[in-house]
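# Coordinate inspection notes
Each chain is listed here by its residues.
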Amino acid sequence: MRFPTNKYIEFIKNTKKPFFLYDGEILEKKYKLIKDNFPEEIDVFFSMKANPNINFIKIFKNIGAGLEIASVGELTACLKMGVNPKKIVFAGPAKSIEGLTLAVENSIYSINIESIQELKRVDKIAEKLNKKQVVNLRINPKFKIENSLLQMGGGAMKFGIDEDQLIELKEEMNSFKNIIIDGIHVFAASQILKEELIIEYFENAFKLLRKVENTIGIKVKTIDIGSGFGIDYEKKNNELNMVSIGKNLKDVFNKNRDILDRDNFKVILESGRYLSAESGVYVTEVTDIKTSIDKKFVLVKGGINHLLRPALIKHSHKIEVLNENIENDVVSIGGQLCTGLDFFAIDQILPKMEIGDIITILDAGAYGYSESMLYFLSHDFPSEYLAYKTEINMIRKSKNSIDIINEQIELSELII
Ligand SMILES: Cc1ncc(COP(=O)(O)O)c(C=O)c1O
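Residues numbered from 1 in each chain as written. Predicted model: local features only at pLDDT ≥ 70, side-chain atom pairs only at ≥ 80, totals over all residues. Heavy atoms only, no water.

### Some details on the overall build of the protein
- Within the protein one finds 13 helices and 20 strands.
- Computed over the C-alpha atoms, the radius of gyration of the protein is 23 Å, within 12% of the 22 Å expected from 2.2 N^0.38 for a compact globule of 416 residues.
- Counting over 416 residues, the protein shows a buried share of 54%.
- By sequence separation, contacts in the protein at least 24 residues apart represent 70% of the contacts at least 6 residues apart.
- In the form shown here, the protein has an accessible surface area of approximately 19,100 Å², with 50% of it arising from carbon and sulfur atoms.
- Placing the 55 positive and 59 negative side-chain charges of the protein at their respective mean positions leaves the two points 3 Å apart. (Helix = DSSP H or I, 4+ residues; strand = E, 2+ residues; numbered from the N terminus. Rg over C-alpha atoms; globule rule 2.2 N^0.38 Å. Buried < 20%, exposed > 50% of the residue type's maximum accessible area, 1.4 Å probe, protein only. Contact = heavy atoms within 4.5 Å. Areas by Shrake-Rupley, 256 points an atom, 1.4 Å probe, with all protein chains shown as cover. Lys, Arg positive; Asp, Glu negative; His and termini not counted. Charge placed at Lys NZ, Arg CZ, Asp CG, Glu CD.)

As C-alpha cells, this is what we get:
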C-alpha cells in the first residue's frame, strides 16, 4: 500500500520540516486486510513497539484490535486510553517487577513468559496480590524462518523458553499456584515476505503447541503468533497477498480443528510492521548539495537521529522527491549528523534536486520515530502528525535544542 502523498501535498509543503505524517485510515485498511481474508478465529493485536503513539492505540482499540505491549510505559498508555485489559498481552525479555505487578493488578489477558524464572516471579507476584494470572509460554522454537530480515528462532536466544527446557518446566508444574498457563506464544522472525514461509510458520507453531502439551502434560486454549509479516520497502511488487495467504491458512487451520474447536480457544496474531509501516512518511527538505570526487551528496534537515532504521538494518526505504524534475541524478542522501552512517540512500537514481526541495521517506510508520536516537547532536526533534478522516492534527510536539538542554540538570558545584 503506497502512502497517498498527493492527498496531503499542501500540508506537506506548508509544514515545518522535518516531521512524520501518518494516515490513520491506512492502519484501518491494513487491519481489515487481515480480518477479511484470514481464518475468522484470528484476533489481531497491534504490537505497540512498532509505533507507541497513543492515537494509534485509540484507532486500533476502536476497530477491535488488541494490543501487544512490552513495557510499563506501553501498558500504562493502553490503560490510559481505556483498552480492555483482556485485550492486552505483555511480551518481552527481562520484564520489570513494576511492569509485572501492574499487569497482574490489572488482570491483563496474558503475560507472555520468557523464562522459567519469570514464570516463578509472576506466580509470586500474583500470590502476593491474591490473584490468578493467565500466562502464555513464549517458546524459543527450534525451527527457523529462512530469508527473513530478523531471525528470532532456530538457536540460542534471549527470548522465550527453549523447547528442550520444557522437561525442566514439567518438573516444576505442581509448584505454581497462582498462574494459569493458557497457551503458547511464538515469534520467530520479522519482515517475512514469502507466503510459503508464513504458511510453514503457522504449521510449525501448531506442531510446537502439540509438543508443549505432550511434554508438560497440559491442554492449552491459546496460540499466540507474533506474525512478523513484512512489507515491500523497496516497492518491487513484493507485497504479501493476504487473500492467498488467508486461503492457505484456512487449510492449516482445518488440519488443526481438534485444537481450534476446543471451548473458547483463542488465536492471536500480533503484528507491528505490517499494520503500521505504510501508514507513515518522514518528510524533510534539502539543505545542501555537494560533490566529493566523483560522488554527489544531497544533504537534508534531520537524519538518522529521526529515522534510524535504514542505517540500523542496512535496509533503505523508498524515497519520493516532490519536484517536477524529469532529469535524474545518482545521489546519496545524508542528514545532519557527524557520522558516516547518516544516510537514507546511497548512490540512488532519483529526480535531480535543488536546495529547498522536499523529500518523503516512505514506510516510516513502524520502527521510525521511537526506534531512533533523537538526542544525538541535540538537533530539534521532528513533530508527528496524524491525518484521520478529514483532519490533520499534531500528535506530538517537536522539541527544540533549548528544550533538550533545559531537561538537563546543572550541578551547582562540580569538583574536578
Ligand atoms: C513478541 C513480538 N511480537 C510481535 C512483534 C512485532 O513484529 P513485527 O513488527 O515484525 O510484526 C515483535 C517485534 O519485535 C515482538 O517482539
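### Observations regarding the nonpolar core
- Core analysis: the biggest nonpolar cluster contains 116 residues, and Leu137 and Ile333 have the highest contact counts within it.
- Counting residues per element, this core draws most heavily on helix H8 (residues 195-216), which supplies 11 residues.
- Composition of this core by domain shows at least three residues from each of domain 1 (38-271) and domain 2 (278-406).
- Core analysis: the second largest hydrophobic core is formed by 13 residues, Tyr8, Ile26, Val283 and Tyr385 among them. (Core = buried A, V, L, I, M, F, W, Y, C linked by side-chain atoms within 4.5 Å. Domains from an automatic or database assignment.)

### Looking at the domain arrangement of the protein
- Parsing the protein into structural domains produces domain 1 (38-271) and domain 2 (278-406).
- Using C-alpha coordinates to define each centre, domain 1 is positioned 33 Å away from domain 2.
- Each side of the interface is counted separately: domain 1 has 16 residues, and domain 2 has 20 residues.
- Regarding the contact of domain 1 and domain 2, the summed buried area is about 1,600 Å², with carbon and sulfur atoms giving 57% of it.
- Taken as a group, Ala50, Tyr233 and Lys235 account for 35% of the area that domain 1 buries against domain 2, more than any other trio of residues on that side.
- Counting every contact that joins domain 1 to domain 2 gives 1 salt bridge.
- When the shortest N-O distance is used, the salt bridge between lysine 235 and aspartate 363 registers 2.9 Å.
- Residues belonging to the side of domain 1 that touches domain 2 are distributed by class as follows: 7 nonpolar, 4 polar and 5 charged. (Buried area = accessible area lost by both parts, 1.4 Å probe. Salt bridge = Lys/Arg side-chain N within 4 Å of Asp/Glu carboxyl O. Nonpolar A, V, L, I, M, F, W, Y, C, P; charged D, E, K, R; others polar.)

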